2 protein chains.
Amino acid sequence: MNQWQLDTRLAADSVEVGEHGSIQIRAMPAAPWPWLILVPRYPAAVEWFDLPEPQQAQLFELAMKLAAGLKSEFGADKINIAAIGNVVAQLHVHIVARHHGDSAWPAPVWGKSYEPADEPAQTERLRRLRRVLG
Amino acid sequence: MNQWQLDTRLAADSVEVGEHGSIQIRAMPAAPWPWLILVPRYPAAVEWFDLPEPQQAQLFELAMKLAAGLKSEFGADKINIAAIGNVVAQLHVHIVARHHGDSAWPAPVWGKSYEPADEPAQTERLRRLRRVLG
């Protein structure tokens, strides 16, 4: 696990809200959509299948747990789960709560620009995202 | 497992290329990007976490295996894996092989329109996608 370092773009766009095993849990509080990002602290992992199998499964199980929690906390109509990484290669998994009629619906949120939420809204969003982490 | 029926839009856009347990494996041969779609034959599943845990894991493990296979077969720069379902609610998982400079790069492919490949190209694409299934 040495030499792992968070990608600078992930560091700039999101904030750490928790950890689970070797997985850092981050949030995008300024986004219009409730949005968590899971980043395994595993050097050089780009694809999900680059991880050893136990870590693959751990990341998957955490994604399922947080996806269900996001759906419940935010009353979401749909959860979007994705490992894309075309822009930031470092392995990371998105979990995004979507609602009918949200500002990107029904398109995916990745690559959509948005007006960042104001500070009080970000604080409230973070409070609720942390609640999902339990 | 009774009463499962493939969503009509998935049926129209993709073709069945295989099965693994209760998961139907489909391909999008007309798309510019090598693209598989996994559809668990599980009635009323919308979210990945709607499946019983063994089926969740089975779907994940198949996604990992096919993702690695796609990367190898097509020499992809990145594999995109996603459960979105904002348009088609029936649970399905996308596995898409991406290359630097492909017609959507670096954006995700979902929602991108494209000119369908001609018949010989589709036949060749299907041949290679089936090879990934082993």
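Being a predicted model, the structure only gives us computed values, none of them experimental.

**Q** Would you explain the layout of surface pockets in this entry?
**A** If a probe as big as a water molecule is rolled over the atoms, it shows which places are left empty. Volume-wise, the largest pocket comes out at about 530 Å³. Contributions of two or more residues to the lining of the largest pocket are made by helix H1 (8-13) and strand S3 (35-40) of chain B. Element by element, the count of residues in the lining of the largest pocket is highest for H1(B), at 3 residues. Here the residues of the lining of the largest pocket are counted per class, giving 14 nonpolar, 5 polar and 3 charged. Taken as a whole, the second largest pocket encloses approximately 460 Å³ of empty space. Contributing to the lining of the second largest pocket are 21 residues, with A:Arg9, A:Val87, A:His94, A:Trp110 and A:Gly111 lying nearest its centre. For the lining of the second largest pocket, the secondary structure elements donating two or more residues are helix H1 (8-13) and strand S3 (35-40) of chain A. Here the lining of the second largest pocket gets 3 residues from one element, more than from any other, and that element is H1(A).

**Q** Teacher, can you tell me more about the interface of chain A and chain B here?
**A** How big an interface is tends to be reported as the loss of accessible area on association of its parts. At the junction of the two partners, chain A supplies 28 residues and chain B supplies 28 residues. On the surface where chain A and chain B come into contact, there are 4 salt bridges. In this structure, B:Lys71 engages A:Glu47 in a salt bridge whose closest nitrogen and oxygen atoms are separated by 2.8 Å. Run the count over chain A and chain B and you get 16 residue pairs in polar contact (both at pLDDT 80 or more). Of all elements in the fold, only helix H2 (53-74) and strand S4 (78-83) of chain A reach the threshold of two or more residues within the side of chain A that touches chain B. Of the residues forming the side of chain A that touches chain B, the biggest block, 7 residues, is contributed by H2(A). The residue inventory of the side of chain A that touches chain B, partitioned by class, reads 19 nonpolar, 4 polar and 5 charged. Direction of pairing for S4(A) relative to strand S4 (residues 78-83) of chain B: antiparallel, over a ladder of 3 bridges. Bridging from a neighbouring strand, A:Ala82 pairs with B:Ala82 of S4(B).

Calculation rules
- Residues numbered from 1 in each chain as written.
- Chains lettered and ligands numbered in written order.
- Predicted model: local features only at pLDDT ≥ 70, side-chain atom pairs only at ≥ 80, totals over all residues.
- Heavy atoms only, no water.
- 1 Å grid on protein atoms, 1.4 Å probe; cavity = no way out; pocket = protein on both sides within 12 Å on 5 of 7 lines; lining within 4 Å.
- Points joined across faces, edges and corners; volume = space filled by probe spheres on them.
- Helix = DSSP H or I, 4+ residues; strand = E, 2+ residues; numbered from the N terminus.
- Nonpolar A, V, L, I, M, F, W, Y, C, P; charged D, E, K, R; others polar.
- Contact = heavy atoms within 4.5 Å.
- Salt bridge = Lys/Arg side-chain N within 4 Å of Asp/Glu carboxyl O.
- Polar contact = N/O pair within 3.5 Å; in protein donor to acceptor, adjacent residues only side chain to side chain.
- Pairing = 2+ DSSP bridges.

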